[in-house]
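What the coordinates show
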Amino acid sequence: MAAENDTLRMVLLGPPGAGKGTQAPNLVNKFGACHLSTGDMLRSQISKKTELGLQAKKIMDAGGLISDDIMVGMIKGELENNPACKKGFILDGFPRTIPQAEKLDAMLAEKNIPLQKALELKVDDELLVARITGRLVHPASGRSYHKLFNPPKVPGKDDVTGEPLVQRSDDNADALKKRLATYHKQTEPIVKYYQKTGVWAAVDASQNPKNVWSDILKCLGQ
Ligand code: AMP
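Residues numbered from 1 in each chain as written. Predicted model: local features only at pLDDT ≥ 70, side-chain atom pairs only at ≥ 80, totals over all residues. Heavy atoms only, no water.

Turning our attention to the overall build of the protein chain. When you go through the protein chain residue by residue, the secondary structure sums to nine helices and seven strands. The C-alpha atoms of the protein chain give 17 Å as radius of gyration, which agrees with the globular expectation for 222 residues (17 Å, within 12%). Principal-axis analysis of the C-alpha atoms places the extent of the protein chain at approximately 45 × 40 × 35 Å. Relative to its 222 residues, the protein chain shows a buried fraction of 44%. When the accessible surface of the protein chain is summed, it comes to about 11300 Å², and 54% of that surface belongs to carbon and sulfur atoms. (Helix = DSSP H or I, 4+ residues; strand = E, 2+ residues; numbered from the N terminus. Rg over C-alpha atoms; globule rule 2.2 N^0.38 Å. Buried < 20%, exposed > 50% of the residue type's maximum accessible area, 1.4 Å probe, protein only. Areas by Shrake-Rupley, 256 points an atom, 1.4 Å probe, with all protein chains shown as cover.)

This part covers the site of the ligand. Near the ligand lie 16 residues; those nearest to it are T38, R43, G64, G93 and Q100. Between the ligand and I66 there is a distance of 3.1 Å, counted from a nitrogen atom to a backbone nitrogen or oxygen. Within the side chain of Q100, an N or O atom sits 3.0 Å from a nitrogen atom of the ligand. Protein burial of the ligand: of its 480 Å² of free accessible surface, 96% is covered by the chains. A per-element tally of the shell around the ligand places helix α2 (residues 38-47) first, with four residues. (Near = heavy atom within 4 Å. Polar contact = N/O pair within 3.5 Å; in protein donor to acceptor, adjacent residues only side chain to side chain.)

To continue, consider the packing of helix α1 (residues 20-31) against helix α9 (residues 209-219). Running from N to C, α1 and α9 cross one another at 45°; their axes reach a closest spacing of 10 Å. For the element pair α1 / α9, the angle class is oblique. The way α1 lies across α9 gives a crossing that is right-handed. Residues T22, Q23, N26, L27 and K30 of α1 form the contact with α9, whose participating residues are P209, V212, W213, I216 and L217. Classifying every residue of the contact of α1 with α9 gives six nonpolar, three polar and one charged. (Axes fitted to C-alpha atoms, helices over the stretch in contact; angles between N-to-C directions. Parallel < 35°, antiparallel > 145°, perpendicular 65-115°, else oblique. Left-handed = near helix turned anticlockwise from the far one by under 90°. Contact = heavy atoms within 4.5 Å. Nonpolar A, V, L, I, M, F, W, Y, C, P; charged D, E, K, R; others polar.)

As for its position among the elements, D170 is in the loop between β6 (144-146) and α7 (173-187). Setting aside its immediate chain neighbours within four residues, D170 contacts M60, D61, A175, L176 and R179.

The next subject is the pattern of salt bridges. One pass over the structure, following the stated rule, counts 13 salt bridges. D40 is the partner of R43 in a salt bridge, and the nearest nitrogen-oxygen pair spans 2.9 Å. Within this pair, R43 and its partner D40 are both found in helix α2, separated by three residues, close to a single helical turn. Judged by its relative accessible area of 28%, D40 is partly exposed. With a shortest N-O distance of 3.7 Å, D170 and R179 are connected by a salt bridge. By the burial criterion, D170 is buried, and R179 matches it. Residues joined by salt bridges that share partners form a network here, namely R135, R168, D170, D171 and R179. (Salt bridge = Lys/Arg side-chain N within 4 Å of Asp/Glu carboxyl O.)

As a further point, take the UniProt feature "domain: Adenylate kinase active site lid" (unreviewed entry) in the protein chain. Taking the numbering used here, the UniProt-annotated feature "domain: Adenylate kinase active site lid" (unreviewed entry) corresponds to residues 135-170. Between the end C-alpha atoms of residues 135-170 the distance is 11 Å, and the span holds 0% helix and 17% strand. (UniProt positions renumbered as here; feature names shortened; annotations may be inferred.)

With that out of the way, let us pick up the layout of surface pockets. Looking at the second largest pocket, its volume works out to about 200 Å³. As for the second largest pocket, its lining consists of 13 residues, and the residues nearest its centre are L79, C85, K86, G88 and I113. Among the secondary structure elements, those contributing two or more residues to the lining of the second largest pocket are α4 (68-81) and β3 (88-92). If one sorts the elements of the lining of the second largest pocket by residue count, α4 sits on top with three residues. (1 Å grid on protein atoms, 1.4 Å probe; cavity = no way out; pocket = protein on both sides within 12 Å on 5 of 7 lines; lining within 4 Å. Points joined across faces, edges and corners; volume = space filled by probe spheres on them.)

Our focus in this paragraph is α4. For α4, with 14 residues, the first-to-last C-alpha span of 20 Å sits near the 20 Å given by 1.5 Å per residue. Contacts made by the buried residues of α4 are with β2 (34-37), α2, α3 (51-61), β3 and α5 (98-110). (Expected span 1.5 Å × (residues − 1).)

This brings us to the environment of P16. Of note, P16 is situated in the loop between β1 (8-13) and α1. P16 sits in the buried class, given a relative accessible area of 9%. Those residues in contact with P16, other than ones at most four positions away along the chain, are L128, I132, L176, R179, L180 and Y183.

Have a look at this one:
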């Protein structure tokens, strides 16, 4: 079974707009694991205007990927130092390349906490344009909304804090094209990698979020 003793160690795979950031909080609520979104971590570096943030922003806006070493180091730091990760983890946006997947497996093998599930959220590219161009996010929490499909209670404001929502600078049709090309070329091969290691499963993420969530629970044997 994927979830043992109520802990969960899993990866969420899927193209931009597949719903990883929407489903991750459900998994966190149910299993108490930590949610590690490498995109959110990078955006936090950007808002703090760190050296890494300044360099990362250019790459992110161009739809490219940050170096494997930097990303692996980031995840390693969180898994080792973030107390919330003691009850497991939901990785969202990581790994994004085969070397990242291999380094993650090596790191987890060393700690004797192997990955239990790599869940692919499958959606056709055509559906993603509308999802991404209408997306609004609350930067501090990573909560995301959609202008039409999942609007906030008050337009432009986060439901929980009332703080302003923003549109990500890479959430436009042009950048999305590049992000999708990067996904198919560099990230999709990970599906085969996890099929070989035996932890892969997939759900149809073109459905509404409630149905996606119930399919995820089924995949986890819940
Ligand atoms: P996301 O919020 O997951 O869509 O990530 C936004 C952007 O951050 C991506 O388009 C990449 O430029 C960068 N990024 C996030 N995670 C990774 C990763 N694991 N490896 C390389 N680049 C990443």
